Amino acid sequence: MTVAFPHRLVIASANPHKAEEIREIMRAELDGFVELIDRPESIPDIEETGTTLEENALIKARAICRETGLSALADDSGLEVDVLDGAPGVYSARYGGPSQDASLNLAKLLLEMSGSQNRRARFRTVAVVSFESGAELLAVGTVEGSIALAPKGAAGFGYDPVFVPDGADGKTFAELSRSEKHALSHRGRALRDLADQLRRALGPREAD
Ligand code: IMP
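Residues numbered from 1 in each chain as written. Predicted model: local features only at pLDDT ≥ 70, side-chain atom pairs only at ≥ 80, totals over all residues. Heavy atoms only, no water.

A look at the side chain of histidine 186
Line of reasoning, step 1. Relative to the helices and strands, histidine 186 is located in helix 5 (residues 186–202).
Line of reasoning, step 2. For histidine 186, the residues in contact, after removing those within four places along its chain, are Ser77, Phe123, Arg124, Thr125, Gly141, Thr142, Val143 and Phe173. (Helix = DSSP H or I, 4+ residues; strand = E, 2+ residues; numbered from the N terminus. Contact = heavy atoms within 4.5 Å.)

What to know about the pairing of strand 5 (residues 120–130)
A regular strand places its side chains so that they alternate between the two faces of the sheet.
Line of reasoning, step 1. Burial of strand 5 is extensive: nine of the 11 residues sit out of reach of the surface.
Line of reasoning, step 2. Two strands pair when backbone bridges link them, and strand 3 (residues 71–81) and strand 5 are joined in this way by 10 bridges, in the antiparallel orientation. Of the residues in strand 5, the one forming a bridge with alanine 72 is serine 130.
Line of reasoning, step 3. In the sheet, strand 5 pairs with strand 6 (residues 136–147) via 11 bridges, with the strands oriented antiparallel. Each bridged residue has a counterpart across the sheet, and for threonine 125 the counterpart in strand 6 is glycine 141.
Line of reasoning, step 4. If you look at the hairpin formed by strand 5 and strand 6, you'll find five residues sitting between the two strands, and glycine 134 has a positive phi there, around 100°. (Buried < 20%, exposed > 50% of the residue type's maximum accessible area, 1.4 Å probe, protein only. Pairing = 2+ DSSP bridges.)

Side note on the side chain of lysine 181
Line of reasoning, step 1. Along the chain, lysine 181 falls in helix 4 (residues 178–184).
Line of reasoning, step 2. A relative accessible area of 5% means that lysine 181 is categorised as buried.
Line of reasoning, step 3. Dropping the residues within four chain positions of it, lysine 181 is found in contact with Glu21, Phe157, Asp160, Phe173, Leu176 and Arg187.

Re the site of the ligand
Line of reasoning, step 1. Around the ligand, the structure places 15 residues, and the nearest of them are Lys18, Ser77, Asp160, Lys181 and Arg187.
Line of reasoning, step 2. The side chain of lysine 181 places a nitrogen or oxygen atom 2.8 Å from an oxygen atom of the ligand.
Line of reasoning, step 3. In this structure, arginine 187 approaches the ligand through a side-chain N or O atom, which is 2.8 Å from a nitrogen atom.
Line of reasoning, step 4. Contact with the protein chains removes 92% of the 480 Å² of surface that the ligand exposes when unbound.
Line of reasoning, step 5. Given that more than half its atoms are within 2 Å of the pocket grid, the ligand belongs to the largest pocket. (Near = heavy atom within 4 Å. Polar contact = N/O pair within 3.5 Å; in protein donor to acceptor, adjacent residues only side chain to side chain. Areas by Shrake-Rupley, 256 points an atom, 1.4 Å probe, with all protein chains shown as cover. 1 Å grid on protein atoms, 1.4 Å probe; cavity = no way out; pocket = protein on both sides within 12 Å on 5 of 7 lines; lining within 4 Å. Sits in = over half its atoms within 2 Å of the grid points.)

Structure below.
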C-alpha cells in the first residue's frame, strides 16, 4: 500500500477514557510512524446499531473515515460474564439503562450476580482500521478474569473496579497503574496486534 508518511489516523472513539487509552497504547507502539488525531468534536454521535463488537467497531471506523476523509481507528469492547450467558457483551455500555452510567452498570451487574459462586468473565475488544482506500484491518483481544464481590480501586473507567484480571494478584483493573492495565488488557492486546498489522500494511518508512 502506498501512503504518505507519517500516516494519519483518526481515533474514532467519542469516549474520552477509551480514546486516552487508545492513544497511550498506540503511541508506545507506533510513535513516529503514525500520527494520531482526535476525533473532531463537530462529528455527531454515531449510532452503534450492530449486534456484534465487530459490526459496531466497523460502523464507527467507516463513519469517521467517511466524515474526515482520513483513515480511522475504532474499537468496540464488552464484558462477557459466564453465569449471565455472555451478557452484558455488546450491550455493556447501556446495561444499567440508556444513560450509559457506569455506576448503574456496576450496580446491575453485582445485583444480577449476587449469590453466584461462578464469577468467571472476560473483556473482549475488536479493534479495526478503515483506510481511505476502503481497505480494512481487524484485531481481537481478550483478557480472562473474574468479577469481584464489591468494587475496589479508583483508577480506570466502566467496569474496571469489579474486574479482576487473571495474573494481577487479585487486584481489579481499577487498582492497577495505566501501564499495568495496558499490558494485560483486552484493548492492549487487540491494539498491539493491530499495530503489527499496520506496520506490515504501511511498509517501511521511506527516506525523507
Ligand atoms: P464501547 O461500546 O466499546 O464504548 O464500550 C462498551 C462498554 O464496555 C463501556 O462503556 C464500558 O462500560 C465497558 N468497557 C469497555 N472497555 C472497558 C475497560 O477497559 N474497562 C472497563 N469497562 C470497559
